[in-house]
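Listed here are the chains, written in short residue letters.
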Amino acid sequence: MPRVNRTAVLTLLIISSSVFLLFQLYYYRKYVSTPGPFILSQTGHLTANDLQWQAVKKFLGLAQRFRLPLFLADTAALTLLSHDALRQRDRMVREPHCSFLCTGRPITSFALHANLWKYEPSFLLAAEQKGFELLELRGEDPRLASLDNLSGEEIPLHFLFRLHGYVIQVVFLYERSGNYLWHGALRFKSNVDRSFAPFKLLDYGRHAGSYDRPELVLTVLDGLDVRIPRNVSRFLSEQRRARFLECRYRDARNFLQLYPEDASQEAVDFRRKVKSLLHSAARTLAKLDVPFWLSSGTCLGWFRQCSVISYSRDVDIGIFVEDFRSDIVTAFRDSGLSLKHKFGKVEDSLELSFLSDDVKLDVFFFYKDGDVVWNGGTQAKSGRKFKYIFPLFSLCWAELLELKVRVPCETLDYVMANYGSAWHVPVRSWDWKSSPSNVQENGVWPLAEWAELIQVY
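Residues numbered from 1 in each chain as written. Predicted model: local features only at pLDDT ≥ 70, side-chain atom pairs only at ≥ 80, totals over all residues. Heavy atoms only, no water.

S.K.: Before we go on, may I ask you to explain the packing of aromatic side chains in this structure?
M.R.: Aromatic rings considered in pairs are described by the distance between their centres and by the relative angle of their planes. By the definition in use, this model includes 32 aromatic pairs. Pairing F59 with F161 gives two aromatic rings, centres 5.3 Å apart and planes at 45°, and the pair type is tilted. Of this pair, F59 sits in helix α2 (residues 48-65) while F161 sits in strand β4 (residues 154-163), and the two are 102 residues apart along the sequence. Taken as a pair, F59 and F161 share a single burial class, namely buried. Through pairs of rings, three or more aromatic residues link up here, namely F59, F66, F110, W117, Y119, F123, F132, F159, F161, F172, Y174 and W182. Above the face of the Y119 ring, R138 is positioned so that its terminal group lies 5.9 Å from the ring centre. A cation sits over an aromatic face here: R162 above F196, 4.3 Å from the ring centre. (Phe/Tyr/Trp six-rings, centres within 6.5 Å; stacked < 30°, edge-to-face > 60°. Helix = DSSP H or I, 4+ residues; strand = E, 2+ residues; numbered from the N terminus. Buried < 20%, exposed > 50% of the residue type's maximum accessible area, 1.4 Å probe, protein only. Lys NZ or Arg CZ within 6 Å of the ring centre and 35° of its normal.)

Right, dumping it as structure tokens:
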């Protein structure tokens, strides 16, 4: 039996070990030598989290290079920033990991303040050179739409970048005249690849949305510099209720061609006063953290003609009674509005009315009752009570007179409940006790309680 050349075997082993060490060094430098809490899995292979972290890291590097005014808007990632979630993760995970940016979803969402960035095609080219696939979704600019101009130029609304099977969504936030930020809905053209991303999982795009301008802070997540909203909880709350309805300019123009807007000086002055009153009411209720929406004729004006109804002579808003604050009257008085009347009580048919510059603000409080909601009405001279019934509705954002306001999302149902199927035909003669389609008699206030429940100033 031939003798084994131990020197040759030793040399072979040294060479093999050196090659293996060089391979490990290459693997480490390519995949592991990065800042922050990031490691390979125990098998030595890249995990799903590793790949997602790499995609986000590459994207943020590009964003920094091209100075994109980005912040993290991913709802799952932001939710993990709560202290409870941090403590829970610390208990579950015993080694460094991609804690926040790897959420178990194949998507990470960022928002871009569009007014602070000049669109640069070179950014998209650089992304492609880094291996990203890109889907750019555009739409009409609503800021240019009006009764005179029904279509604006197209602007970028969403960028979707894909790398290693993971998608980074960039949502463009545009400043609107009501001093808020807006993003558009995802609208697919016929040539769009529907398999590019799991669109049903996207945080943004199912509908248009609006936000207050968030204050941002720079922090480090998973070893990466990322801007996030300073008040994460508030931003997440806004995101859940951000749905925005655009004014229907095309339908409004058709309406105004049939029924031209009153151009008299009296009507012009009324619209100016309404704008001032509505802005004042919004500021007052915002300080109290009381949400409201456009109701009755004011809601009809927004929905039907993108404006106020000049012959209505008042402003109508709704508030759910559970949001009532005992200091609401004082707050309105401090804002320069005088109390005109107070009807009913918190438990039943509460209604407040204020006056400013000869324009009345009617505040109707709404009560939930099973599958309907209702607000009350009171006739001061007789004590008769009335009830106005609406189908359940949710609230969306809209814009009226350069103010971001809420309206019922199911606006047509809301308007039809109040004004019937002929809501699109102006009615100048209106009796609040009998004209509404949804009005019902609701008894009479006891005479002994009139002093408390029927107060006229």
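After that view, the rundown keeps rolling.
S.K.: Whenever I open this one, unusual backbone geometry confuses me. Can you help?
M.R.: Leaving glycine out, the prevailing phi sign among residues is negative, and the prevailing peptide bond configuration is trans. Its identity is not glycine, yet R67 carries a phi of approximately 55°, on the positive side. The topology assignment puts R67 in the loop between α2 and β1 (70-72). We classify R67 as exposed; its relative accessible area is 73%. Not every positive phi belongs to a glycine, and C306 is a case in point at roughly 55°. Structurally, the position occupied by C306 is in the loop between α9 (296-305) and β11 (314-320).

S.K.: Sorry if this is basic, but what is going on with the environment of Y367 here?
M.R.: Secondary-structure assignment places Y367 in strand β14 (residues 359-369). With a relative accessible area of 8%, Y367 lands in the buried category. For the pair Y367 and E347, spaced 20 residues apart in sequence, the C-alpha to C-alpha distance is 8.9 Å. A polar contact is formed between the side chain of Y367 and the backbone oxygen of V346, at a distance of 3.0 Å. (Polar contact = N/O pair within 3.5 Å; in protein donor to acceptor, adjacent residues only side chain to side chain.)

S.K.: Teacher, can you tell me more about the nonpolar core here?
M.R.: Most often, soluble globular proteins have nonpolar side chains that are buried together. In terms of nonpolar packing, the biggest core is built from 62 residues, with W302, I328, F354, L361 and F365 touching the most fellow members. With sequence-adjacent residues up to four places away left out, F354 is seen in contact with V329, F332, L337, S338, L339, K340, V359, K360, L361 and V363. C98, L124, A127 and F172 belong to the second-largest nonpolar core, a separate cluster that totals 57 residues. (Core = buried A, V, L, I, M, F, W, Y, C linked by side-chain atoms within 4.5 Å. Contact = heavy atoms within 4.5 Å.)

S.K.: What am I meant to see in a nonpolar patch on the surface here?
M.R.: Taken together, the side chains of L258, Y259 and V425 present a nonpolar region at the surface, about 270 Å² in accessible area. Along the chain, L258 falls in helix α7 (residues 249-258). For L258, a relative accessible area of 65% translates into the label exposed. (Patch = residues over 30% accessible without salt bridge, like charges linked within 9 Å, V, L, I, M, F, W, Y side chains within 5 Å. Areas by Shrake-Rupley, 256 points an atom, 1.4 Å probe, with all protein chains shown as cover. Salt bridge = Lys/Arg side-chain N within 4 Å of Asp/Glu carboxyl O.)

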